[in-house]
Amino acid sequence: MGRYTTEMIASYNRALDAVERGSDVDVEGAPTLSGYVPVETPPGRIVLFGDVEKHPVLGTALISTSDLVWLDVHAGIARTVSRWYKLGSPATAHAGDLVFVDRLCGCVIGQAALRETLAEKAREFRRLMM
């Protein structure tokens, strides 16, 4: 398992299952993330940084999400390990830009690299679940 805990592997796979089913997407009830950017943090995690509204725990705040599992900018939704997000407008940022939220920092990841990295992580987490 290496750098992932058993709980992280299980949580990631539950999120992948939710994406595949697509049936539990509640976009109207999901928190809204605006001014967001996909970011790769130093340990190799992919998250979204952005301004959230109506988050069930955080309310309205500048946040970093849990690990990003899936993102569809055209449909305006994202899935992280912990929840669905409705997407507002993205931030203006360029691949490689260094960004910060509180004590976390990371580099903005471009769309092509993001798609490739998310697909690779999905394969890795599915393999770890076997």
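Residues numbered from 1 in each chain as written. Predicted model: local features only at pLDDT ≥ 70, side-chain atom pairs only at ≥ 80, totals over all residues. Heavy atoms only, no water.

(A) Region of interest: the packing of helix α1 (residues 6-21) against helix α2 (residues 111-129). Taken N-terminus to C-terminus, the directions of α1 and α2 make an angle of 120°; their axes are 9 Å apart at the nearest point. Read as a crossing pair, α1 and α2 show a hand that is left-handed. Across the interface between the two elements, Met8, Ile9, Ala10, Tyr12, Asn13, Leu16, Asp17 and Glu20 from α1 touch Leu118, Lys121, Ala122, Phe125, Arg126, Leu128 and Met129 from α2. Residues that form the contact of α1 with α2 fall into these classes: 10 nonpolar, one polar and four charged. (Axes fitted to C-alpha atoms, helices over the stretch in contact; angles between N-to-C directions. Helix = DSSP H or I, 4+ residues; strand = E, 2+ residues; numbered from the N terminus. Left-handed = near helix turned anticlockwise from the far one by under 90°. Contact = heavy atoms within 4.5 Å. Nonpolar A, V, L, I, M, F, W, Y, C, P; charged D, E, K, R; others polar.)

(B) Molecular detail of the confidence of the model for the protein chain. Mean pLDDT over the protein chain works out to 91, with 98% of the residues at or above the 70 mark. Mean pLDDT across the elements of the protein chain bottoms out in strand β3 (residues 59-64) (91) and peaks in strand β1 (residues 32-40) (97). (pLDDT = per-residue confidence, 0-100.)

(C) Representation of the environment of Val69 in the model. Assignment of secondary structure puts Val69 in strand β4 (residues 68-72). Overall, Val69 belongs to the buried group, its relative accessible area being 5%. With sequence-adjacent residues up to four places away left out, Val69 is seen in contact with Tyr12, Ala15, Leu16, Val19, Arg79, Thr80, Val81 and Leu118. (Buried < 20%, exposed > 50% of the residue type's maximum accessible area, 1.4 Å probe, protein only.)

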